[in-house]
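What the coordinates show
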Amino acid sequence: MHIPDGFISPPVAVMTTVISAGVLTLSFSKMGKDVKAPVIALTTAFIFAAQMINFPVAGGTSGHLLGATLAVVILGDPWVATISISTVLLIQALLFADGGITALGANIFNMGIVGVWVSWLLVTTIQRLLGGAKKRLPLAAGITAAISTVSAAVSCSLLLIISGTAPLNLVLPAMTGTHILIGVGEGLITGSVLRYLLATNPDLLPDDESKLDKWLVPVIGTLLVAGVLSLLASSWPDGLEKVAENLGFIHLAENVRVEVPTPFADYQISGINEQIGTSISGVLGTLICFGLAFFMTKFISRKSA
Amino acid sequence: MLKLSLFLRLRLSLILVISTALIKTNNWSFLFIYILIALCWCIFLKTPIKILLKLLGAELILLSLMALPLGGEKAGFLMVRSLICLLIMNSFLLSVPKYHLSIALKGLPLPKKMQEIVILTGEYLEILLLEIQHMEISAKLRSLNGNSNWLRYISAAMIGSLYLRSLDRAQRVYDAMVIRGYNGTFPLEIDNNKSENFMLIILSIMVMSLTFSSYKIWIN
Amino acid sequence: MDKLDQKKSVIITVDNIKFDYEKQSILQGISFNLKAGERVALLGRTGAGKSTLLNNLIGLKFPQKGEIIIDGLKLEKKNIADIRKNIGFAFQNPEDQLFMPTILEDVMFGLLNYKIPASIAKEKARFLLDKFGLIAYENRSSHELSGGQKRLAALASILALEPNILILDEPTNGLDPAWRKKLAEILLNLPIKVILIASHDLNWVKKTTQRALILDQGQIQLDQSIISLFQQESVLESYGLPLDW
Amino acid sequence: MDKLDQKKSVIITVDNIKFDYEKQSILQGISFNLKAGERVALLGRTGAGKSTLLNNLIGLKFPQKGEIIIDGLKLEKKNIADIRKNIGFAFQNPEDQLFMPTILEDVMFGLLNYKIPASIAKEKARFLLDKFGLIAYENRSSHELSGGQKRLAALASILALEPNILILDEPTNGLDPAWRKKLAEILLNLPIKVILIASHDLNWVKKTTQRALILDQGQIQLDQSIISLFQQESVLESYGLPLDW
Ligand SMILES: Nc1ncnc2c1ncn2[C@@H]1O[C@H](COP(=O)(O)OP(=O)(O)OP(=O)(O)O)[C@@H](O)[C@H]1O
Ligand SMILES: Nc1ncnc2c1ncn2[C@@H]1O[C@H](COP(=O)(O)OP(=O)(O)OP(=O)(O)O)[C@@H](O)[C@H]1O
Ligand SMILES: [Mg+2]
Ligand SMILES: [Mg+2]
């Protein structure tokens, strides 16, 4: 999802840079006074390092963490999470040539702002819909992570479309299609990590003192279901094909990226699951996972509505 | 040969990348000028060609994935433009000695608060990456294998325990800073070389006007 | 203790402190005084609570009961910054202490915070790095150092501020014998009021400190001069500190 | 070396390896053999390159020149997984070894990977934790342990798999004297082919190993029996290893 240099038009680059810089400035003024720089920095470094761990998704495919939802949950503050994810993107752009310099504003916009804020709104809402108990957090965050990944991808597609770089009928289904799969992976990782934290150190996770107004819950809940439904409807037929076609590419590319001799070349972190490549069963498996998550949201929101 | 400081190299690379990325789409003649500039830059920095090629090859896969659906000339232009940017940035990266990245980060024109976070992040990135690497190896030394449920569980456990450790360490690092008199502002000493700054300004004006002229603003 | 000793001014008073983790009670009523000029070893088996006690002393953790007075000030949240100004504290893990891009900057960090001009700070930092054998590495990042070199860099960065009180958690861990010797010399020649060192390195402690506190079962079981302590081999052994190991 | 020695089978061969970091050449032609039944100490001053050499032995870093043969297999990227199966390796930092929610699970980890039924694995893990004095902490996360306890947990989790070859980077670091003694006993009674230990703890090494390699200036300067080495105090001192410290 990292847009490289040269793929967005100058107006879009300028606009997103201004917006992102503005939001970042706001974030610094809004974040809690007692948030310590080393805590943000180490959480950021943690998210970066965690992205290096290959996470088996299903049937031989594996993904890695993106981190927006995880950052929101463990930091408990969307402002700080925006700062943290933006720092990750900045360092990736500068030190790994991953994501463009001119596209940094756009990438921060997609992942650090859209991704983070969608996560924040959703995770609080879904957790409430699920009954609010702390032990529901992993599930709530898992579903959120999947959806926020997709929404960041949608935002990314929109920027490419506005830039005139890609036509709508091509990029939207392709991006959402692939990112639905990536999102499932993201959901699984985020959920599992939170389950680990819940088991070892529950005090670190936020309690259910939702900062959302009451009326926001049903509204976002409905939007959530509607959004996911329409997304699926619009992208399904092409998406599926694209997914199958691209998945191989993605893994190939990601694999090469890690082996690339940047100054960090020492870290040829090979995955736990070394067999790379995909299989029909892998695609099917992930689709089933997503279907499950999807119906669960739908089902639960109906019941509480 | 003239030896440029790390900061100047970083800033120059950034300016070159920005001006390349902003050339008017499908204006091939200006693109060629930038190809030449980029090649000079990479020769000047003595970039190891073999590594650079490998690296660009890898990026090409990603780029084509994004651009190819566009078809035709446009895709070609976008890809070449993007590749030049990558060439410039990667030439810079390969010229930085290992572990000096957080020193390079110091030279970024960023607001103070952000800079502090970026530097601290850069500093601990190395440590955490090493810890991940060590955890993975120690898992392998203990013959990690099994079904994907088990592997998922282990991956999550590694990420989770890395987080707990980062948090512990964040607390101690903060305390260590406070004990040595930290009071909210990070004392950073940045070498400010006047002649380098002057050179930087002149060069940025030059490349930026080149980019502007790709839009034929002054010709019409 | 003789008369003379008692007249010396007390720098650190620990008065009946208790500290519990959620799952376990660690310190169960600890009291002692440290007087000006004393170099004191804190001994005790693995898990006895040495690090926990040191953390309490600089306010990284707060005891549930009891009080700590340092240089006449009661240790509380509100005056922690003032108190810490005079304390040099070395963590068990030196990496926690090194956070700047280069180790030269790490040693300068404290000096710059106290508004010492950069050129003077740099000179002083380089002097210290030289003392710790790291001058050739001054522009390296701490990741490019060996375990022992990291330890030395961390110690240099703490000593740069010339603290009155020095609290060290296992400072010889990871150092080679030659550096353990050198460190002892450096510490013995410092104009420091009080040094408190938690360590398992009995042989080293014997040569660098004058008094030992043995922590066991949540209490200070023994508070003796080093010389007399090392004559009671069986006592030491009973606290998990056999002499030959 | 006598005749008998030479007949023993060679387990690890290091043949003229060179390793440079970007800024510094560290290993400049290192060769040695380790034979079945040997317990060997790797000594040398801080920064000599001991950890670097050990990292080369398990393929964490690859030498620019020379080759390493372990159990008859040449160490290469492609067969690293096979080779590592038989090696127990302890990092300088014990935390790198502990990543499961509880230390019991950490010790069980390797066993479960070998498809040993959970109940048996658990029994064995608990036996080991008991041996390392940690049974009361079995359900704790490693973050709730003291420095020494982490070290012990890491060692237990490595020994659970009964490796043929044991490579330890400063295993006594952070352990109290009683545990250093206990660890020596445990190691001496293990049915292990080769043990290689990097350490600064001369006194401990003297009691646990039979042969010493001294690394200095990028080369193995000395390869001797421990007994004869410890009679040459001045030689040791010249390599930064004064005996009394
Ligand atoms: N966060 C924690 N929660 C619960 N118990 C803890 C925690 N941290 C440490 N402990 C326990 O407190 C005890 C004292 O730990 P401490 O680190 O103070 O020991 P120590 O004397 O410094 O040991 P070492 O010599 O091994 O460093 C140990 O038994 C340890 O298990
Ligand atoms: N990443 C690196 N880049 C450059 N030099 C390094 C790097 N890591 C270590 N070194 C240098 O390599 C030398 C050997 O380091 P190594 O960690 O192997 O030493 P060691 O013998 O294990 O020392 P110690 O006893 O302190 O653990 C040191 O001088 C160190 O400064
Ligand atoms: Mg301790
Ligand atoms: Mg070492």
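Above this note sits the structure.
Scope of this entry: the structure provided in the associated data block.

Before going further, it helps to spend a moment on the overall build of chain B. Per the secondary structure count, chain B includes 8 helices and 0 strands. Within chain B, the fraction of its 220 residues that count as buried is 59%. For chain B, contacts bridging at least 24 residues in sequence account for 78% of all contacts bridging at least 6. Accessible surface for chain B amounts to roughly 8900 Å². Of this, 69% is attributable to carbon and sulfur atoms.

With that out of the way, let us pick up the sheet that holds strand 1 (residues 10-21) of chain C. Residue and element names in this part refer to chain C. Pairing in this open sheet of 4 strands is antiparallel, and the strands run 2-1-4-5 from one edge to the other. At either end of the open sheet lies a strand with only one pairing partner, and these are strand 2 (24-35) and strand 5 (73-74). As judged from the 2 bridges shared by strand 4 (residues 65-70) and strand 5, these two strands associate in the antiparallel manner. Paired with I69 across the two strands is K74, which belongs to strand 5.

So, on to the packing of helix 1 (residues 6-21) of chain B against helix 8 (residues 194-213) of chain B. Residues and elements named next belong to chain B. Contact geometry of helix 1 with helix 8 gives a least axis separation of 9 Å together with a crossing angle of 10°. Regarding the angle of helix 1 to helix 8, the classification is roughly parallel. Along its contact with helix 1, which presents L8, R11, L12, I15, L16, I18 and S19, the element helix 8 presents E196, N197, M199, L200, L203, S204, V207, M208 and T211. Counted by class, the contact of helix 1 with helix 8 contains 10 nonpolar, 4 polar and 2 charged residues.

All names here are of chain D. Bound to the magnesium ion (ligand 4) are the protein donor atoms S51 (OG) and Q92 (OE1), situated 1.9 to 2.6 Å from the metal. Placement of the pair is S51 in helix 2 (residues 50-57) and Q92 in the loop between strand 6 (87-90) and helix 4 (103-113), with a sequence separation of 41 residues. Classification of S51 by relative accessible area gives partly exposed; the value is 22%.

The protein atoms that coordinate the magnesium ion (ligand 3) are C:S51 (OG) and C:Q92 (OE1), at distances of 1.9 to 2.6 Å. C:Q92 sits in the partly exposed class, given a relative accessible area of 23%.

What follows covers the site of ligand 1. Near ligand 1, the surroundings consist of 22 residues, among which C:K50, C:S51, C:T52, C:H200 and D:G148 are the closest. The contact in question runs from an oxygen atom of ligand 1 to an N or O atom on the side chain of C:Q92, over 3.0 Å. In the model, an oxygen atom of ligand 1 is placed 3.4 Å from a nitrogen or oxygen of the D:Y137 side chain. Against a free-state accessible area of 640 Å², the protein chains account for coverage of 91% of ligand 1. Of all elements in the fold, only strand 2 and helix 2 (50-57) of chain C together with helix 6 (147-159) of chain D reach the threshold of two or more residues within the shell around ligand 1. Of the residues that constitute the shell around ligand 1, the class distribution is 5 nonpolar, 12 polar and 5 charged.

Scoring rules and cut-offs
Residues numbered from 1 in each chain as written. Chains lettered and ligands numbered in written order. Predicted model: local features only at pLDDT ≥ 70, side-chain atom pairs only at ≥ 80, totals over all residues. Heavy atoms only, no water. Helix = DSSP H or I, 4+ residues; strand = E, 2+ residues; numbered from the N terminus. Buried < 20%, exposed > 50% of the residue type's maximum accessible area, 1.4 Å probe, protein only. Contact = heavy atoms within 4.5 Å. Areas by Shrake-Rupley, 256 points an atom, 1.4 Å probe, with all protein chains shown as cover. Pairing = 2+ DSSP bridges. Axes fitted to C-alpha atoms, helices over the stretch in contact; angles between N-to-C directions. Parallel < 35°, antiparallel > 145°, perpendicular 65-115°, else oblique. Nonpolar A, V, L, I, M, F, W, Y, C, P; charged D, E, K, R; others polar. Donors = N, O, S within 2.8 Å, 3.2 Å for Na, K, Ca; no water. Near = heavy atom within 4 Å. Polar contact = N/O pair within 3.5 Å; in protein donor to acceptor, adjacent residues only side chain to side chain.

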